[in-house]
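# Commentary on secondary and tertiary structure
So the chains spell out like this:
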Amino acid sequence: MSQELGRFLKLFDALVIANNSWMAGLPAKTLDWVPFDNENMKFGDRISTITIKSVYVHIIVGECGWARMLKDCEDGASIKPAREEGAALTKQLMESRDFVADAMKLHAANMQKFASYGDAQLEKKIEWSGRQWTIMGFLWGIYSHRSYHLGNIDILLREADAKAPDFFSSFQPVMA
């Protein structure tokens, strides 16, 4: 395993574990709170009602799709969201009694997929959203995607008058 992939896995895993611990501790009423609804309170066509839970589920669904798509894609592949699979997983997680535990199981499977990427796979180039990436670069994009949406969740928590987590103190003591 390359040093960069190992570093990504360690940092990404820590970010997901911290995020999931925040989610597990939230009151149920906070998860579905809607700040206000207007045309700008959407994330494209994939999240039509922004709630803490819908943003969190969006993150998980994206990671599951990407882990699967990137594993065996060809060099130069143009990848796109798998809408039907994404919609089915979104529905499953939104209806789950313990969506955080389900998300952690999905994360464990994603981590196994990511860890299985060999150097040749990581060096392949792909196109996503009109941009070219190496697969290793896109893994860092996945990390950034989660971080971006954690900022959204943080703001939503504050607007819902809920305690937002202290970001740095919620990580494990030793990082990469």
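A brief look at the structure comes next. (Residues numbered from 1 in each chain as written. Predicted model: local features only at pLDDT ≥ 70, side-chain atom pairs only at ≥ 80, totals over all residues. Heavy atoms only, no water.)

## Examining the pattern of salt bridges
Here the structure, examined in full by the defined rule, presents 4 salt bridges. A salt bridge links Glu63 to Arg146, with the shortest nitrogen-to-oxygen separation between them at 2.8 Å. Linking Glu63 in helix H3 (residues 52-72) with Arg146 in helix H7 (residues 135-159), this pair joins segments that are 83 residues apart in sequence. Assessed through its relative accessible area of 0%, Arg146 is described here as buried. In this structure, Glu85 engages Arg68 in a salt bridge whose closest nitrogen and oxygen atoms are separated by 3.0 Å. Within this pair, whereas Glu85 is found in helix H4 (residues 83-95), its partner Arg68 is found in helix H3, the two being separated by 17 residues in sequence. (Salt bridge = Lys/Arg side-chain N within 4 Å of Asp/Glu carboxyl O. Helix = DSSP H or I, 4+ residues; strand = E, 2+ residues; numbered from the N terminus. Buried < 20%, exposed > 50% of the residue type's maximum accessible area, 1.4 Å probe, protein only.)

## Side note on the sheet that holds strand E3 (residues 131-134)
Spatially, the 3 strands line up as an open sheet ordered E1-E2-E3, and their pairing is mixed. Single-partner strands in this sheet number two, and they are strand E1 (77-79) and E3. Here the strands of the sheet are splayed against their neighbours by 35° on average, with no regard to which way each runs. The strands touched by H7 are strand E2 (125-128) and E3; relative to E3, the strand with the most contacts, the crossing angle is about 105°. (Pairing = 2+ DSSP bridges. Axes fitted to C-alpha atoms, helices over the stretch in contact; angles between N-to-C directions. Contact = heavy atoms within 4.5 Å.)

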